[in-house]
Amino acid sequence: AVLIGVSRLPAVLYSHREKLDALNMPSRSFEHWRNVLVAASYDRPALEEDLIEAILAGSDVDPVERRNLQTDLAFSFYHKLAEPSVAEADLREVIDQLVFSQDLAAKLAAVEADLYAAVQEDGAYARHIEQRDRLRAEKQRNDERLIELKSSAENWLAAA
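What you see is a predicted model; the values in this text were computed from it and never measured.

Cut-offs used in this document
Every chain is numbered on its own, with residues counted from 1 as its sequence reads. Only residues with pLDDT of at least 70 are given local features in this predicted model, and only at 80 or more are side-chain atom pairs given and counted; all residues enter the totals for whole chains, interfaces and linings. Calculation of side-chain values draws on the structure's entire complement of heavy atoms; hydrogens and water are dropped beforehand. In this text, helices come from DSSP runs of H or I with a minimum length of four residues, and strands from runs of E with a minimum of two, each type numbered from the N-terminal end. Throughout, exposure labels follow a simple rule: accessible area from a 1.4 Å probe, protein chains only, divided by the maximum for the residue type, with under 20% read as buried, over 50% as exposed, and the rest as partly exposed. Only heavy atoms enter the contact rule, under which two residues are in contact if any of them lie within 4.5 Å. Each accessible area value is a Shrake-Rupley result obtained with a 1.4 Å probe; residue values ignore everything except the protein chains displayed when judging cover. Axis definition: a line fit to C-alpha positions, over the contact stretch in the case of helices; interaxial angles, taken between N-to-C directions, run 0 to 180 degrees. Relative orientations are named as follows: roughly parallel for angles under 35 degrees, roughly antiparallel for angles over 145 degrees, roughly perpendicular for angles from 65 to 115 degrees, and oblique for any other angle. Should the near helix be turned anticlockwise from the far one by less than a right angle, the crossing is termed left-handed; should it be turned clockwise, right-handed. In this count, Pro and Cys sit with the nonpolar residues alongside Ala, Val, Leu, Ile, Met, Phe, Trp and Tyr, while Asp, Glu, Lys and Arg are called charged and the others, Gly among them, polar. Expected helix span is taken as 1.5 Å per residue step, with the number of steps being one fewer than the number of residues. Nonpolar cores are built from buried Ala, Val, Leu, Ile, Met, Phe, Trp, Tyr and Cys residues. Side-chain atoms within 4.5 Å join them into one set. Values of pLDDT, which run from 0 to 100, indicate the predictor's confidence residue by residue. For salt bridges, the criterion is a side-chain nitrogen of Lys or Arg within 4 Å of an Asp or Glu carboxyl oxygen. Two aromatic rings from Phe, Tyr or Trp, using only the six-membered ring of Trp, form a pair when their centres are within 6.5 Å; if the ring planes differ by under 30 degrees the pair is stacked, by over 60 it is edge-to-face, and anything between is tilted.

### Side note on the overall build of the protein
Part 1 of the reasoning: Helix and strand counts for the protein come out as seven helices and zero strands.
Part 2 of the reasoning: Ordering the α and β elements of the protein from the N terminus gives α-α-α-α-α-α-α.
Part 3 of the reasoning: Per-residue burial over the protein gives 37% buried out of 160 residues.
Part 4 of the reasoning: In the protein, of all internal contacts separated by at least 6 residues, the share reaching a separation of at least 24 is 68%.
Part 5 of the reasoning: As presented, the protein carries roughly 9300 Å² of accessible surface, and 53% of it is formed by carbon and sulfur atoms.

Now the structure itself:
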């Protein structure tokens, strides 16, 4: 959904390309698609949606991967009828939330590894438990915000 969003809203591609480049992609084809978009944003100072479509069509990015209606319809930035400023703001926030979630997952894994290695009687054990619980709560809030962004788009569609 994010890759479709930045393909449609190049201003976000320019403002968030470093964050987008840092995101772990769920497949090699998504990673390749992301890399084509980021490279295009550095090569061309003024990308527009039509030019991005032409660049993607001329690349070996799988067009089927580029249009997954089961998962991509849930955000405002997928819909051409969405208010552009709302769609761009939502897309920026989703990218920020995904980067935050990715960083948080790494921190949580490190704390859980430290917790596993800590001795229960040691004061460090209690600190690791506190830190783990705090990180889990942050992750829960982040996940809930992503769900809110999806549901706000669904509500917008129902009203349209």
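There is more to say, and it comes next.
### Quick look at the packing of helix 2 (residues 10-22) against helix 3 (residues 28-43)
Part 1 of the reasoning: The N-to-C vectors of helix 2 and helix 3 enclose an angle of 135 degrees; their axes lie 10 Å apart at closest approach. With respect to their mutual orientation, helix 2 and helix 3 come out oblique. Pair helix 2 / helix 3 crosses with left-handed handedness. Contacts from Leu 13, Tyr 14, Arg 17, Glu 18, Leu 20 and Asp 21 in helix 2 reach Arg 34, Asn 35, Leu 37, Val 38, Ser 41 and Tyr 42 in helix 3.
Part 2 of the reasoning: Residue composition of the contact of helix 2 with helix 3, grouped by class: six nonpolar, two polar and four charged.

### Focus on helix 6 (residues 84-117)
Part 1 of the reasoning: Helix length check: helix 6 (34 residues) gives 49 Å between terminal C-alpha atoms against 50 Å at 1.5 Å per residue, within 8%.
Part 2 of the reasoning: If you check which residues of helix 6 are buried, you get Ala 87, Asp 90, Leu 91, Val 94, Ile 95, Gln 97, Val 99, Ser 101, Leu 104, Leu 108, Val 111 and Leu 115.

### Brief notes about the nonpolar core
Part 1 of the reasoning: Residues Val 6, Leu 20, Trp 33, Leu 37 and Leu 91 are the most contacted members of the largest nonpolar core, which totals 31 residues.
Part 2 of the reasoning: Discounting chain neighbours no more than four positions away, the residues touching Val 6 are Val 12, Leu 13, Leu 20, Leu 37, Ile 52, Leu 91 and Ile 95.

### Here's the deal with the confidence of the model for the protein
Part 1 of the reasoning: Model confidence for the protein is summarised by a mean pLDDT of 82, while 84% of its residues fall at 70 or above.
Part 2 of the reasoning: Highest mean pLDDT in the protein belongs to helix 2 (93); lowest belongs to helix 5 (residues 69-72) (50).

### Observations regarding the pattern of salt bridges
Side chains bearing opposite charge may pair, as long as their charged atoms lie close to each other.
Part 1 of the reasoning: Applying the stated criterion across every chain yields a total of 11 salt bridges.
Part 2 of the reasoning: Across the pair Glu 18 and Arg 17 runs a salt bridge whose closest N-O atoms are separated by 3.9 Å.
Part 3 of the reasoning: Here Arg 17 falls in the buried class, since its relative accessible area comes to 16%.
Part 4 of the reasoning: If you follow the salt bridges from partner to partner, you end up with Glu 93, Arg 145 and Glu 148 in one network.

### Here we look at the environment of Ser 59
Part 1 of the reasoning: Summarising the element assignment, Ser 59 is placed in the loop between helix 4 (49-58) and helix 5.
Part 2 of the reasoning: C-alpha of Ser 59 to C-alpha of His 32: the two residues are 27 residues apart in sequence and 9.7 Å apart in space.

### Here's the deal with the packing of aromatic side chains
Part 1 of the reasoning: Counted according to the given criterion, the structure contains two aromatic pairs.
Part 2 of the reasoning: For the pair Phe 30 and Trp 33, a centre-to-centre distance of 6.1 Å together with 35 degrees between the ring planes defines the contact as tilted. Of this pair, Phe 30 and Trp 33 are both found in helix 3, three residues apart, which corresponds to roughly one turn of the helix.
Part 3 of the reasoning: The class for Trp 33 is buried, based on a relative accessible area of 2%.
Part 4 of the reasoning: Considering the side-chain rings of Phe 75 and Phe 77, the 5.0 Å spacing of their centres and the 10 degrees angle between planes classify their relative orientation as stacked. With respect to class, Phe 75 is no different from Phe 77; both count as buried.

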